[in-house]
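Listed below, chain by chain, are the residues.
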Protein chains: 2
Amino acid sequence: MIARPKLRDVARLAGVSVGSASRAISAPDQVRPATLAKVEAAVRELSYVRNGAARALALRRTFSIGAIFPTLNNPIYADSIQAIQQRLNARNYQLLIASHEYDRSRELASVRNFIDRGIEGILLVGTDQDPAVFEALRLAQIPYVLMWSLDEAAHHHCVGFSNEAGGALMANHLLDLGHTRLAVLGGQRQFNERARLRTQGVRGAMAARGLALAEDHILEQPFTFEGGRAGLRAAMALHPRPTALLCGTDILSFGACDEARRMGIEVPEQLSISGFDDISFAAMSVPALTTVRVPITQIGNSSADNLIAQIEESEAPRHERLEIELIARASTGIAPA
Amino acid sequence: MIARPKLRDVARLAGVSVGSASRAISAPDQVRPATLAKVEAAVRELSYVRNGAARALALRRTFSIGAIFPTLNNPIYADSIQAIQQRLNARNYQLLIASHEYDRSRELASVRNFIDRGIEGILLVGTDQDPAVFEALRLAQIPYVLMWSLDEAAHHHCVGFSNEAGGALMANHLLDLGHTRLAVLGGQRQFNERARLRTQGVRGAMAARGLALAEDHILEQPFTFEGGRAGLRAAMALHPRPTALLCGTDILSFGACDEARRMGIEVPEQLSISGFDDISFAAMSVPALTTVRVPITQIGNSSADNLIAQIEESEAPRHERLEIELIARASTGIAPA
DNA sequence: GTGAAAGCGCTAACAC
DNA sequence: GTGTTAGCGCTTTCAC
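Throughout what follows, the structure given in this document is the object of discussion. (Residues numbered from 1 in each chain as written. Chains lettered and ligands numbered in written order. Predicted model: local features only at pLDDT ≥ 70, side-chain atom pairs only at ≥ 80, totals over all residues. Heavy atoms only, no water.)

All names here are of chain B. With parallel pairing, the four strands of this open sheet are ordered in space as S7-S6-S8-S9. A strand with exactly one partner marks an edge of an open sheet, and here the two such strands are strand S7 (218-220) and strand S9 (272-274). For this sheet, the mean angle separating the axes of adjacent strands, direction not counted, is 20°. In this sheet, S7 lies alongside strand S6 (residues 182-186) in parallel orientation, the contact comprising three bridges. The residue bridging Gly186 from the neighbouring strand is Glu220, located in S7. Contacting S6, S7, strand S8 (244-247) and S9, helix H10 (residues 225-236) crosses the sheet at an angle of about 155° to S6. (Pairing = 2+ DSSP bridges. Helix = DSSP H or I, 4+ residues; strand = E, 2+ residues; numbered from the N terminus. Axes fitted to C-alpha atoms, helices over the stretch in contact; angles between N-to-C directions. Contact = heavy atoms within 4.5 Å.)

Structural data, given as structure tokens:
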């Protein structure tokens, strides 16, 4: 077990000073070719790898960026992680990952942990963070981007879309099909502005047509297949029984469709079911899912770009609004008579 | 823009030495309550956050672990990331993520990058890495765990299962149903021992019954829905036409099933289609997918535990073999007459 | 272009 | 217990 070689060892073997060795490695063009060659040979000979912590300390930069998601296994987040990671890597930043399982205090803890580790920027989902998150970020002077939502009121950098418009988009689609009894199946609305705004969008669209969304027709369940199943059962027990179930995410829809199948409820003949996100499975489930397409990859790319811009040029757009789109497929249809 | 306070500032404000301030923060029980209180007050007052790089340099530890996956958006990897992240977090390690898109050289580059950054351990998928990966890891003396496969021959730490047995399990299921003309749809086998071994398992099971797997009945496609679709078309063009298509991952199966639907091919009446992984969608697709269940969460948990054990106690089992299981659902059936 | 030396901010002996 | 101090390994002025 030999100690790892340091720059000093490389310099000694190459017969140059540590300064030159350092330059040969990080700025090869500031060094004479002969020196460069000697250093490179020494590096190879010793299998030298530079110490990242020491480098970070001297440079006062870590080139790492943290991202915190509600969960990592929902495809919408997985896809965005994929995009972010690729973007960051291309710019020589490293991605650190954490998840909070919809627990605000865990999110705060992760933010603090990231700050401790010296990340240079941070990516968060939504706008409903604990205020202490923003306070910590402000004190540490760390740039951040909130993804998925837009908070026009506050001064945060956001890359997202109007969740309210999304809810309205789907509600109008169903209202146009003649449905009047809608039920909404979402996740916990507390501390989740996405769920809240989407529901609000539905309510608004209904109100515009003189309809009301009864409080008991707003169902809350965890964002899982099982939540979708439970939500469907709850919806079927309502009076009046809804003819359309608007789910807050595709995952919930799949669970709901599956449960409907088990219960012998025809979709969409007896019940229309809609999703939100348009994950890749949505197009190939049976029946194919009517949903709202969210530009997930674009959220990832733009957020990463925005954050890097803040870090490197301290100049980036405050708000980036992305377009969403209704994707009508087979899981919704004309309201039953 | 004020410079961030350092430990020295905290110490000064608290009226103690940097040593005491440091102890108060990292080892509160080694310090008198009164001192602790003064330091804590100063920390709060200045909103002090310690510098991770300096800490890492002094401690010669970074408490971070790198994981490199083929892709991040396949649910099998997303689910394992979820498990790994939670496990690591509970033990106070931070997860760094990278993906290589099935490109060996990118994997090697990520490994080197991680080593540069001083990660204390590394998680990789499969056993078919570039030899330079192991060489770099050995030189840097960094422990690692290979997930998903077992390489009994080499000395690597592995947490996985027998991919060959998995292939055989599915082949036998189909052979028992009377199929004799099987086709295999997998990804590139070069540099992917999982794909290779699963196919080999199929071939072995067929051979045991006196059947041969023709080379042209082994289809290679990217691990995507589109790959599944293309694979199905290719399979239907084969002579003799297979009655069962064994897909190397559930993702491929979904694409294949979707294409079969479009082409008007009845599954499983005219063609049985099987998957591998048992991702959560498998149970609720139509028809429900027959597949091999892989203990994804367990792979993540055990790999994380194994790696931490190597880091902290330098003592961990070389190989951990996990059980897999055939899950027979509706996408496979009796061979057509 | 190159070498010497002064930090970067923290921890861990060590002496008191 | 607490203060003092010597590193941790690298980058970067600043002379030469």
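Once that is clear, we can look at the interface of chain A and chain B. Chain A puts 55 residues into the contact, and the matching count from chain B is 54 residues. Looking only at chain A, the three residues that lose the most surface to chain B are Arg117(A), Phe281(A) and Met284(A), adding up to 15% of its buried area. Between chain A and chain B we count two salt bridges in total. Note that Asp116(B) is salt-bridged to Arg50(A), the shortest N-O span being 3.6 Å. A per-class count over the side of chain A that touches chain B returns 28 nonpolar, 17 polar and 10 charged. Pairing geometry for strand S2 (residues 94-99) of chain A and strand S2 (residues 94-99) of chain B, over three bridges, is antiparallel. (Buried area = accessible area lost by both parts, 1.4 Å probe. Salt bridge = Lys/Arg side-chain N within 4 Å of Asp/Glu carboxyl O. Nonpolar A, V, L, I, M, F, W, Y, C, P; charged D, E, K, R; others polar.)

So, about the protein's contact with DNA strand C. The environment of DNA strand C is formed by 23 residues, the closest being Thr35(A), Lys6(B), Leu7(B), Tyr48(B) and Arg55(B). Counting only the atoms of DNA strand C within 4 Å of the protein, the fraction contributed by sugar and phosphate is 73%. Contact between DNA strand C and Arg32(A): a phosphate oxygen at 3.0 Å from a main-chain N or O atom of the residue. A distance of 2.2 Å separates a phosphate oxygen of DNA strand C from a polar side-chain atom of Lys6(B). Of all the secondary-structure elements, those providing two or more residues to the surface near DNA strand C are helix H2 (18-26) and helix H4 (52-59) of chain A together with helix H2 (18-26) and helix H4 (52-59) of chain B. (Near = heavy atom within 4 Å. Polar contact = N/O pair within 3.5 Å; in protein donor to acceptor, adjacent residues only side chain to side chain.)

What follows concerns H4(B). Taken together, the buried positions of H4(B) are occupied by Gly52(B), Ala53(B) and Ala56(B). On an axial view of H4(B), the arc spanned by its buried residues comes to 100°, and they lie on one face. Residues of H4(B) that are buried sit in contact with H4 and helix H6 (104-116) of chain A. The distance from a side-chain oxygen at the start of H4(B) to the backbone nitrogen of Ala53(B) is 2.8 Å, and the residue carrying that oxygen is Asn51(B). (Buried < 20%, exposed > 50% of the residue type's maximum accessible area, 1.4 Å probe, protein only. Arc of directions from axis to C-beta.)

Overlaying chain A on chain B yields an RMSD of 0.1 Å, the required transformation being a rotation through 180° with an accompanying axial translation of 0.0 Å. Look at the turn and shift together and you get a two-fold axis relating the two. The share of interface residues of chain A whose copies in chain B are also at the interface is 98%, consistent with both copies meeting through the same surface. (Least-squares fit on C-alpha atoms with pLDDT ≥ 70 in both.)

Residue and element names in this part refer to chain B. Packing of helix H8 (residues 163-176) against helix H9 (residues 193-207) leaves a shortest axis separation of 6 Å and a crossing angle of 40°. Judged by the angle between their axes, H8 and H9 are oblique. Between H8 and H9 lies a crossing of right-handed hand. For the pair H8 and H9, contact is made by Asn163, Glu164, Gly167, Ala168, Ala171, Asn172 and Leu175 and by Arg194, Leu197, Arg198, Gln200, Gly201, Val202, Ala205 and Met206, respectively. (Parallel < 35°, antiparallel > 145°, perpendicular 65-115°, else oblique. Left-handed = near helix turned anticlockwise from the far one by under 90°.)

Here we come to the environment of His173(A). Residue and element names in this part refer to chain A. Tracing the backbone shows His173 in helix H8 (residues 163-176). Note on His173: relative accessible area 14%, which makes it buried. Expressed as a C-alpha distance, the spacing of His173 and Ile327, which sit 154 residues apart in the sequence, is 9.9 Å. If near-sequence neighbours (up to four positions away) are discounted, His173 is found in contact with Thr290, Leu326, Ala328 and Thr332.

As a structural note, the neighbourhood of DNA strand D is formed by 24 residues, with Lys6(A), Leu7(A), Tyr48(A), Ser20(B) and Thr35(B) the closest of them. Within 4 Å of the protein, the contacting atoms of DNA strand D are drawn from sugar and phosphate to the extent of 68%. A distance of 2.3 Å separates a phosphate oxygen of DNA strand D from a polar atom in the side chain of Lys6(A). In this structure, Asn51(A) approaches DNA strand D through a main-chain N or O atom, which is 3.3 Å from a phosphate oxygen. Of all elements in the fold, only H2 and H4 of chain A together with H2 and H4 of chain B reach the threshold of two or more residues within the surface near DNA strand D. Partitioned by chemical class, the residues of the surface near DNA strand D number nine nonpolar, eight polar and seven charged.

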